[in-house]
Amino acid sequence: MNEREKVNQITEGVIWKQLLLFFFPIVFGTFFQQIYNTADTIVVGRFVGKQALAAVGGSASQIANLIVGFFVGLSSGAAVVISQFYGAKDKKNLSKALHTAFAFSIAAGIVLTVVGIFLTRPALLLMKTPADVVEDSAVYLHIYFGGMVFNLVYNMGAAILRAVGDSKRPLYVLIITCVLNIILDLLFVVAFGMGVTGVAVATVTSQVISAMIVTVMLLKTREIYVLKINQIRFDRRMLFSVLRIGIPAGLESVMYNISNIVIQVFVNNLGTDTVAAWGTLGKIDALFWMVINAFAISITTFVGQNFGAGKYHRMRKSVSVCMVMSMVSSAVMIILMYSFAPWIYRLFTTDSAVIVHGVHMSRFLLPSYFIYVIIGILSGALRGTGKVLVPMLLTCGGVCSLRILWLFTAGQMYPGINTIMLSYPVSWSITAVLFVVYYFMKFPGKEKTEHFRRQKQ
């Protein structure tokens, strides 16, 4: 028996220290994931032009995020189930959940490849994508969807590793594939002049490599979460458990992305310069979201494993510690991104109009970002206990539906980018209040230990 099996630091160690030890590999991994995604935008923006920049960072990016975001939400269901079995040291059920999750990734990847390729062009036209951007966007998405199986296998494999407390090896995979993606971007676009096709091929190639590495890691491990090819199949009970948690999380992501797509439609009406600036903002402020999401993933794993181990008071304490750490980190990032906005935009483009639009957007939205921290951390904590339906409804109603309602009311009466952007802080504020109320009503602490123990049984 190795050291990890003897002492599980997530259920036994000092909370703030273990959160940081788990958080940093995730945030660095997400950082490299963002570089991985942003490299495409920088290369086409600098070496091809603003139409290519709008193609990769505009409607195409929103569609890709919609599809991948839904699956990442589903994979979080597998991560919660696996983290609970791992915390309880239940090898048999953990194995069933793991192999069901892999089978689901492969099947979903095949379906999404076919559906994505057929629906790409209609979706772009429905979103009112500028005419000079449609063709490049379609090319990018067709190639991107062609590699969807590998994308989903990597995301599921990485989620499984994080669920059992291994946040370092997914980081190593991302570093390798990030460097590879940048090299291939430069090779295909700058050296071979392949334009948008080049960045799409570079992205898919990197995803193939990342899926292969993560799969080999799970095949070769000697831990109880070992993957065996001949056992990859659906277990009906485990599939239901994974989907029970994963579907609400996936729908939550879908609703976020649908609201972003609606926003993209409104932005598309403002011209190519604004579209390019908005798409670039999405790449820049992803640096903020990656930190908050890393904290959210960390707290989901912490809560999940402690829930499985029956340590409910430790769960609530870890949420408080994580919230403070997230708020402090957010304040630092907001100040830095606000101060250096003009220089950050110049990394992506030399077009002065795009830079002016982008800096205004960043400085308008940044002060309100800390509000989302409350939603992200409390949602992650609740997900770790298996409570996903109400948080999903709160998110869909408070963030997504309200945001869309705002666009079709205030956005019609006072058209312009400021009104569009104001939908974010308004919807976040209302949703954050709802999450705080629900958290204190339902999240288990000392007073609810026995109730949750009976519920588990």
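Residues numbered from 1 in each chain as written. Predicted model: local features only at pLDDT ≥ 70, side-chain atom pairs only at ≥ 80, totals over all residues. Heavy atoms only, no water.

1. Some details on the overall build of the protein chain
Consideration 1: A count of helices and strands for the protein chain gives 20 helices and zero strands.
Consideration 2: Taking 2.2 N^0.38 as the reference for a compact globule, 457 residues should give roughly 23 Å; the C-alpha atoms of the protein chain span a radius of gyration of 21 Å, in line with that estimate.
Consideration 3: Overall, the protein chain is about 60 × 45 × 35 Å in size when its C-alpha atoms are taken along their principal axes.
Consideration 4: Counting the 457 residues in the protein chain, one finds 58% classified as buried.
Consideration 5: By sequence separation, contacts in the protein chain at least 24 residues apart represent 85% of the contacts at least 6 residues apart.
Consideration 6: Once the 37 positive and 18 negative side-chain charges of the protein chain are each reduced to a mean point, those two points are 10 Å apart. (Helix = DSSP H or I, 4+ residues; strand = E, 2+ residues; numbered from the N terminus. Rg over C-alpha atoms; globule rule 2.2 N^0.38 Å. Buried < 20%, exposed > 50% of the residue type's maximum accessible area, 1.4 Å probe, protein only. Contact = heavy atoms within 4.5 Å. Lys, Arg positive; Asp, Glu negative; His and termini not counted. Charge placed at Lys NZ, Arg CZ, Asp CG, Glu CD.)

2. Description of the nonpolar core
Consideration 1: Trp 278, Phe 288, Val 319, Tyr 369, Ile 375, Trp 428 and Phe 443 are the most contacted members of the largest nonpolar core, which has 73 residues in total.
Consideration 2: Top contributing element to this core by residue count: helix H13 (residues 286-309), with eleven residues.
Consideration 3: Other than its neighbours up to four places away in sequence, Trp 278 contacts Gln 62, Ile 263, Gln 264, Val 267, Met 361, Leu 365, Ile 417, Met 421 and Tyr 424.
Consideration 4: Core analysis: the next-biggest nonpolar cluster, separate from the first, contains 63 residues, Ala 52, Ile 63, Val 164 and Val 189 among them. (Core = buried A, V, L, I, M, F, W, Y, C linked by side-chain atoms within 4.5 Å.)

3. A look at the pattern of salt bridges
Consideration 1: Going through the model one piece at a time under the given rule, you end up with two salt bridges.
Consideration 2: In this structure, the salt-bridge partner of Arg 121 is Glu 135, at a minimum N-O distance of 2.8 Å. Separated by 14 residues along the polypeptide, Arg 121 in helix H6 (residues 91-126) and Glu 135 in helix H7 (residues 131-146) bring together distant segments of the chain.
Consideration 3: For Arg 169, the salt bridge is made with Asp 166, and the minimal N-O distance between the two is 2.7 Å.
Consideration 4: Residue Arg 169 is classed as partly exposed on the basis of its relative accessible area of 24%. (Salt bridge = Lys/Arg side-chain N within 4 Å of Asp/Glu carboxyl O.)

4. Details of helix H17 (residues 369-384)
Consideration 1: Here H17 spans 24 Å end to end across 16 residues, near enough to the 22 Å set by a 1.5 Å rise per residue.
Consideration 2: Positive backbone phi, at 90°, marks Gly 386, one or two positions downstream of H17. (Expected span 1.5 Å × (residues − 1).)

5. Considerations on a nonpolar patch on the surface
Consideration 1: On the surface, Val 324, Val 328, Val 332, Leu 336, Phe 340 and Trp 343 cluster together to form a nonpolar patch covering roughly 620 Å² of accessible area.
Consideration 2: As for its position among the elements, Val 324 is in helix H14 (residues 312-339). (Patch = residues over 30% accessible without salt bridge, like charges linked within 9 Å, V, L, I, M, F, W, Y side chains within 5 Å. Areas by Shrake-Rupley, 256 points an atom, 1.4 Å probe, with all protein chains shown as cover.)

6. Quick notes on the side chain of Ser 259
Consideration 1: Along the chain, the position of Ser 259 falls in helix H11 (residues 236-268).
Consideration 2: Classification of Ser 259 by relative accessible area gives buried; the value is 1%.
Consideration 3: Apart from the residues lying within four places of it in its own chain, the contact partners of Ser 259 are Cys 400, Arg 403 and Ile 404.

7. Some remarks on the packing of helix H12 (residues 272-284) against helix H16 (residues 352-365)
The description of two helices packed together rests on the angle between their axes and the distance between the axes.
Consideration 1: Remark: H12 packs on H16, axes separated minimally by 8 Å, with the N-to-C direction vectors making an angle of 50°. Considering their axes alone, H12 and H16 lie oblique with respect to each other. Relative to H16, the crossing made by H12 is right-handed. Counting all contacts with H12, which are made through Asp 273, Thr 274, Ala 276, Ala 277, Trp 278 and Leu 281, the residues of H16 involved are Ala 353, Val 354, His 357, Gly 358, Met 361, Ser 362 and Leu 365.
Consideration 2: Looking at the contact of H12 with H16, its residues break down into eight nonpolar, four polar and one charged. (Axes fitted to C-alpha atoms, helices over the stretch in contact; angles between N-to-C directions. Parallel < 35°, antiparallel > 145°, perpendicular 65-115°, else oblique. Left-handed = near helix turned anticlockwise from the far one by under 90°. Nonpolar A, V, L, I, M, F, W, Y, C, P; charged D, E, K, R; others polar.)

8. Things to note about the packing of aromatic side chains
Consideration 1: This model, assessed by the stated rule, comprises 16 aromatic pairs.
Consideration 2: Measuring from ring centre to ring centre gives 5.4 Å for Phe 266 and Phe 408, while their planes differ by 80°; the resulting arrangement is edge-to-face. In this pair, Phe 266 sits in helix H11 while Phe 408 sits in helix H18 (residues 389-413), placing the two residues 142 residues apart along the sequence.
Consideration 3: By relative accessible area, which is 13% here, Phe 266 ends up buried. (Phe/Tyr/Trp six-rings, centres within 6.5 Å; stacked < 30°, edge-to-face > 60°.)

9. A short note on the confidence of the model for the protein chain
It should be kept in mind that the predicted coordinates are not to be read in detail where pLDDT is low.
Consideration 1: For the protein chain, the average pLDDT comes to 82, and 92% of its residues sit at 70 or higher.
Consideration 2: Put simply, helix H1 (residues 3-6) is where the protein chain has its lowest mean pLDDT, 46, and helix H10 (residues 195-220) is where it has its highest, 91.
Consideration 3: This model gives residues 1-5 a pLDDT under 50, and the stretch forms nine contacts once residues within four places in sequence are excluded.
Consideration 4: Counting contacts from residues 449-457, a segment whose pLDDT is below 50, to residues more than four positions away or on other chains yields twelve contacts. (pLDDT = per-residue confidence, 0-100.)

10. Looking at the packing of H7 against H10
Consideration 1: With their axes 9 Å apart at the nearest point, H7 and H10 run at an angle of 15° to one another. With respect to H10, the element H7 is oriented roughly parallel. The handedness of the crossing between H7 and H10 comes out as right-handed. Counted together, Asp 136, Val 139, Tyr 140, Ile 143 and Tyr 144 of H7 and Val 196, Thr 197, Val 199, Ala 200, Val 201, Thr 203, Val 204 and Gln 207 of H10 form the full contact between these two elements.
Consideration 2: In terms of residue class, the contact of H7 with H10 is made up of nine nonpolar, three polar and one charged.

11. A closer look at the environment of Ser 61
Consideration 1: Relative to the assigned elements, Ser 61 resides in helix H5 (residues 59-87).
Consideration 2: Dropping the residues within four chain positions of it, Ser 61 is found in contact with Val 56 and Lys 283.

12. As for the state of the cysteines
Two cysteines, two sulfur atoms, one covalent bond between them: this is a disulfide.
Consideration 1: Within the structure shown, the criterion is met by zero disulfides.
Consideration 2: The thiol sulfur of Cys 396 is not disulfide-bonded, and the nearest other cysteine sulfur, from Cys 400, lies at 5.1 Å. (Disulfide = S-S within 2.5 Å.)

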